[in-house]
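Residue-level structure breakdown
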Amino acid sequence: MKDQIIKDIFFKLLINVFIWSSLPMYSLTYRDTIPLDPGIRYGRLPNGLTYYIKSINTASKEIDMRLIVKAGFNQEDPDQYEFAHFMEHIALKAGKHISTRMLYGSELFNQLGIKPNAINALTSGEYTEFRFILPNHNHKAQTVSFRLFRDIIWDLEFKPIYIDSERSPFLDESEFRGGKTSVTSMNHILDSRLMGCGGKFPKDYAHHINTFEHKRLIRFYNDWYRPDLMALVIMGNIKDINGLENEIKKKFSASKTIKKPRPRLDCNESYLNGDMRFVRLEREILPQENITEPVFLRLYMRENKKKERGTIKGLKNGLKRDLFIKMLNARYTQMQWSYNNHFDIYSEFSEYPSAFKINICAYGNQERLAVIEALKTLKQVKAYGFTNTEFNKTKTDLFESLKKSDTTAVSYWREEFRNHFVYGKGLPQNKIGLLKKILNNLTLEEVNNFFKDRINKTPEDIGLIAPTANMALSYTEKTIRNWFFEADTSKTIPYTDPIIPSTLMDPIKVSGLKCCDYKEGTTDIPGIKKYLLSNGVKLIFNSFKPAPDILGGSESVIFKGFVSNGASCFSKKDYFSAINAPGIIKNSGVGGKDKFDIERYLSNQGFKQYVTPYIGYKESGIRGSTTTTLKDLETALQLTYLYITAPNYNELAYEDWKMSAPKRYLNDLVQDDLITTVKNVLNDSLFLPKGSKRMEGVGHTDMRLAYSIYNKLFGNVQDFTFLFSGNFQEEELLLLCRKYLGNIPNTTEHVECEQGLKTQEDIPEAPFIKIFPARKNIHNVRVRMVYVTPLDKISLDWKEKTKLMLLSRFLEYSFLKHLRKNSEKGGPYVAFVSNDNNDGVSGYNKFSIDFGCSPEDVDRLVMESKQIIENLKKSPSTEIKLFKAVKKRLMPVSDIETNKEMLEKMYLHYKYGYPWVGISDVRDYMGSLSLKDLQESAQKWLISEPFEFKMVPPE
């Protein structure tokens, strides 16, 4: 045994020597600036413009081109509130030669294969970034992208029509993202007020945007859109770097005459040297919202020590900061893991303002408790430091995260170049390897000592955001600082690591579960395997290597178990008890462990996926996602077993579920209420209510009844079908299914649904207009137009569904083109087009168009939207270029489905009998479609007048 240990140590040392010897040797001192990665072609032109070129060995032919401008919200003058963002809009619209107006039907863009979503931009506190994605690296496409960026630098045309027509979509975007009273917007205002930088928030935001003078926007552009504050970034599979660099020098070396260049503002300088600050902001909301809206507190501890950017020390300190934040937030999470504790706390390091920041969201007047607990935890860390258990786990997690960094991905380099140019962060050769080496050598003592000097005893600055009429608006700075004193004078005791369950299920119980008998079924679909377990559970496997997606691609397995019974099996008064039952049980836990113990166990095991039960109108089941490892697969199936056989009955957890309902159901109140109203008016029984209706349903939910319904729906397991899709070993998964799913007993008889709720929709005979007020303080009108078509005389096969999908996307771009980009009066920021037929179950197809706009523009935009549809139905020839562009955008590229696509395909086939159609069939069919086919589809599905729903601002 001793010899084996020595061999293991020697082997690990050998591996370390191999890894670290492959890293570049840095002869510079600890504080010297690290040389830039020589694999990056980097330069600075005589006019000050910086450029980065990075050739990435990737299968994609796309070239990612970006122009970064060191001008964001923090560079605004007091009279220029939101001008950084407005300038982003104008820069893409007002180019003399190239602009986003060309994306929707330009022959040039069609020839080059430039997609309608190829050009985009974003604005932040310190920068604005413009993006142009080229389909491949050909000289003509490159010339077009260079021309766009050159227009932004030298050739923008500030025509009044360009500026004035963008005011309406700009305001609609603000509403679309939550409005100026959203938490994101209020946080931005708060940080700006604390730093003393950026535009001053106007009393009437809409009036400010609608009436500002053009010259103020032009002043912002002239001050900050200069080559010396810009960087050109080009990434992708670039073959000729020298030729590209020469082209950059040729096209971007022109000077830009600026009489008196303004020095770029350093917002942190005045902040760090200023007096302590207290900022209190009121979120203007409706009275009925007040009972459900939280209070936000922001506590700032200034970072007065200079950050050693671009050095080895800077990289090391960055890792210390990452470790500290992760460990502290883990403690905050553990502290919050108890029922009826209604506040959330997380910490972060902020660049602007330069501070360590504690963010608090408190419900039910728990602000004082939350502040005291947050600072007591921080005091505990300063007094005793973190434990070895915390440090080792966090260090391992961070190391694993670094190992997974994909240095062949454009997203990795995009972030690195932005950080290097805007914030001066180091970008050395083999940065990931260097970070892993530094992290490997970091000690707990170094991390604990690093922050004892850097974080102050109490916060210097306080930010408070509270809703209208909330008592928190009466809090004074003295009141909150007294809470600081309470925390500081409280007794501090060492931290005790939480007790983490060693198993999810009782080991004796697990060992007693024997693999059940099964029968293998037959199927004519290649790759599909069917099994019937002895308890009646049906299994359908599709083991394949899926295309990458957000669920993990080839390393993921997703599954769905379902039964064709749901809330419709019960009476109307039991409806909310039925649909809310899974959430109540999820909050209570399973197998005798509450949800917090389950979270601790899963976190400790590294299980970052999910397993969750659901109850719909006509279906119930369990959805899950896991990795392909045997350990995670078993964990997922154990959770499935427990959700069906051993849900906890916990009254305390039920009260907690009720108290936390606003956080679940009122996050997107405007859109959720709009959709729910539409669905209710059109009698869509399959739709589960959202927003206010779902919140009202909490009061109509009975705990005992919810458990009774849940047990009835999940107790007859022989009616369940489980679908599995992903890159798994069939034999291993079958053994696990036989052990866990095969041992779920049938505890109830078949649930009869004859006496339940209605199952068919009853659509009103004639279209009408419904106007109703929002239950949230909005300024724009939200519009939904719905075209309803019966399915009794129209076949809805996969080809028709393909055409409907193409029609939806085509109309989205068409609305954007005509209502916004080419409109002299302006239109919505974006229009969404969706198609819903509930897989044919409801008997109707509903084609919906959603957008937002100012009240005075509603009638005009509804009329123009109808006209766009009529033009498509009657004479679409003018849209041939847009049609080609959209079709190319939607054409499947890969011959392999993602996991999500495959599971959906399996579900539709095995539940509804949809034909099994391959991607190549879809691609061939879509390729054959013409504009005339789209016209016929519009004539078929958009034949009548639409129902019109308008959610207007409240009185």
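Reading the values: rules and limits
- Residues numbered from 1 in each chain as written.
- Predicted model: local features only at pLDDT ≥ 70, side-chain atom pairs only at ≥ 80, totals over all residues.
- Heavy atoms only, no water.
- Helix = DSSP H or I, 4+ residues; strand = E, 2+ residues; numbered from the N terminus.
- Rg over C-alpha atoms; globule rule 2.2 N^0.38 Å.
- Buried < 20%, exposed > 50% of the residue type's maximum accessible area, 1.4 Å probe, protein only.
- Contact = heavy atoms within 4.5 Å.
- Areas by Shrake-Rupley, 256 points an atom, 1.4 Å probe, with all protein chains shown as cover.
- Salt bridge = Lys/Arg side-chain N within 4 Å of Asp/Glu carboxyl O.
- Disulfide = S-S within 2.5 Å.
- Axes fitted to C-alpha atoms, helices over the stretch in contact; angles between N-to-C directions.
- Parallel < 35°, antiparallel > 145°, perpendicular 65-115°, else oblique.
- Left-handed = near helix turned anticlockwise from the far one by under 90°.
- Nonpolar A, V, L, I, M, F, W, Y, C, P; charged D, E, K, R; others polar.
- Pairing = 2+ DSSP bridges.
- Polar contact = N/O pair within 3.5 Å; in protein donor to acceptor, adjacent residues only side chain to side chain.
- Phe/Tyr/Trp six-rings, centres within 6.5 Å; stacked < 30°, edge-to-face > 60°.
- Lys NZ or Arg CZ within 6 Å of the ring centre and 35° of its normal.

As recorded in an unreviewed UniProt entry, the protein goes by the name Insulinase family protein, listed as coming from Galbibacter pacificus.

**Digging into the overall build of the protein**
Regarding its fold elements, the protein presents 33 helices and 23 strands. Relative to the globule expectation of 30 Å for 955 residues, the C-alpha radius of gyration of the protein, 30 Å, shows essentially globular dimensions. Each of the three principal axes of the protein carries a C-alpha extent, and together these read 85 × 85 × 60 Å. When the 955 residues of the protein are sorted by exposure, 55% land in the buried category. In the protein, the proportion of contacts linking residues at least 24 apart, taken out of those at least 6 apart, comes to 83%. Accessible surface computed for the protein: about 42,100 Å², of which carbon and sulfur atoms make up 51%.

**What to know about the pattern of salt bridges**
What the rule picks out here adds up to 64 salt bridges. Between Arg219 and Asp77 there is a salt bridge whose closest N-O contact spans 3.3 Å. Remark: Asp77 occurs in the loop between strand 3 (63–69) and helix 2 (83–93) and Arg219 occurs in helix 8 (residues 214–224); sequence separation between them is 142 residues. For Arg219, a relative accessible area of 30% translates into the label partly exposed.

**Things to note about the state of the cysteines**
For the coordinates displayed, the defined rule picks out 1 disulfide. Disulfide partner of Cys197: Cys267, at an S-S distance of 2.2 Å. Given an S-S torsion of about -105 degrees, the disulfide between Cys197 and Cys267 has left-handed geometry. One end of the pair, Cys197, is in the loop between helix 6 (183–195) and helix 7 (205–211); the other, Cys267, is in helix 10 (residues 267–272), with 70 residues separating them in the sequence. Judged by its relative accessible area of 8%, Cys197 is buried.

**A closer look at unusual backbone geometry**
Backbone phi values are negative for most residues with the exception of glycine, while trans is the configuration of most peptide bonds. Tyr352 connects to Pro353 through a cis peptide bond whose omega is 0 degrees. Take Pro353: it is sitting in the loop between strand 9 (343–350) and strand 10 (355–362). Backbone geometry at Asn340 places phi at a positive 60 degrees, although glycine is not the residue there. Position of Asn340 among the secondary structure elements: in the loop between helix 11 (312–336) and strand 9. The phi angle at Asn430 is positive, at roughly 50 degrees, despite the residue not being glycine. Structurally, the position occupied by Asn430 is in the loop between helix 14 (410–423) and helix 15 (431–441). For Asn430, a relative accessible area of 34% translates into the label partly exposed.

**Considering the packing of helix 28 (residues 798–821) against helix 29 (residues 858–874)**
Packed helix pairs are characterised by how far apart their axes lie and by the angle those axes make with each other. The N-to-C vectors of helix 28 and helix 29 enclose an angle of 125 degrees; their axes lie 11 Å apart at closest approach. Relative to helix 29, the element helix 28 lies oblique. Crossing of helix 28 over helix 29 shows right-handed handedness. Facing Leu807, Phe810, Leu811, Ser814, Phe815, His818 and Leu819 of helix 28, the residues of helix 29 in contact are Leu861, Glu864, Ser865, Ile868, Ile869 and Leu872. Counted by class, the contact of helix 28 with helix 29 contains 9 nonpolar, 3 polar and 1 charged residues.

**A few points about the sheet that holds strand 20 (residues 781–790)**
One open sheet holds the 5 strands; their spatial order is 19-23-20-22-21, and the pairing between them is mixed. Each edge of the open sheet is held by one strand with a lone partner, namely strand 19 (769–773) and strand 21 (832–836). Averaged over neighbouring strand pairs, the angle between their axes works out to 15 degrees when direction is ignored. In this structure, strand 21 lies alongside strand 22 (residues 844–853), joined through 5 bridges in antiparallel fashion. Each residue of the ladder has a partner; that of Ser834, found in strand 22, is Ser848. Sheet contacts for helix 24 (residues 669–681): strand 19, strand 20, strand 21, strand 22 and strand 23 (947–952); angle to strand 20, the most-contacted strand, approximately 30 degrees. Against the sheet, helix 29 contacts strand 20, strand 22 and strand 23, and its axis sits at roughly 35 degrees relative to strand 20.

**Let's talk about the pairing of strand 5 (residues 128–134)**
Counting buried residues in strand 5 gives 6 out of 7 residues, a clear majority hidden from the surface. As paired strands, strand 3 and strand 5 are joined by 7 bridges and run antiparallel to one another. Paired with Met65 across the bridge in strand 5 is Phe132. Pairing of strand 4 (residues 119–123) with strand 5 involves 5 bridges; the strand directions are antiparallel. Bridge pairing in strand 5 places Thr123 opposite Thr128. The antiparallel hairpin formed by strand 4 and strand 5 contains 4 residues in its connecting segment.

**Re the sheet that holds strand 11 (residues 461–467)**
Read across the open sheet, the 5 strands follow the order 7-11-8-10-9; overall the sheet is mixed. Of all the strands in the sheet, just strand 7 (278–283) and strand 9 have a single pairing partner and so form its edges. Averaged over all pairs of adjacent strands, the angle between their axes in this sheet comes to 15 degrees, without regard to strand direction. Where strand 8 (residues 295–302) and strand 11 come together, 5 bridges link them in antiparallel fashion. Paired with Tyr300 across the two strands is Asp461, which belongs to strand 11. Strand contacts of helix 11: strand 9 and strand 10, with the helix running at about 175 degrees to strand 9, the strand carrying the most contacts.

**What about the packing of helix 19 (residues 575–588) against helix 25 (residues 691–698)?**
Viewed as axis vectors pointing N to C, helix 19 and helix 25 meet at an angle of 95 degrees, and their least axial separation amounts to 9 Å. In terms of their interaxial angle, helix 19 and helix 25 are classed as roughly perpendicular. Contact residues: Phe576, Ile579 and Asn580 in helix 19; Lys693, Arg694, Gly697 and Val698 in helix 25. Classifying every residue of the contact of helix 19 with helix 25 by side-chain character gives 3 nonpolar, 2 polar and 2 charged.

**A word on the side chain of Asn74**
The topology assignment puts Asn74 in the loop between strand 3 and helix 2. One polar contact links Asn74 to Glu126, side chain to side chain, over a distance of 2.8 Å. In contact with Asn74, other than residues within four places in its own chain, are Gly125, Glu126, Met195, Cys197, Gly198, Leu265, Cys267 and Tyr352.

**Comments concerning the packing of aromatic side chains**
Tallied over the entire structure, the rule returns 49 aromatic pairs. Between Tyr339 and Phe596, the ring centres sit 4.8 Å apart and the planes meet at 55 degrees, which makes this aromatic pair tilted. Here Tyr339, found in the loop between helix 11 and strand 9, pairs with Phe596, found in helix 20 (residues 595–605); they are 257 residues apart in sequence, far enough to count as distant. Its end group placed over the ring of Phe421, Lys70 keeps NZ or CZ at 4.5 Å from the ring centre. The lysine or arginine in question, Arg302, covers the ring of Tyr271, its NZ or CZ lying 4.6 Å from the ring centre.

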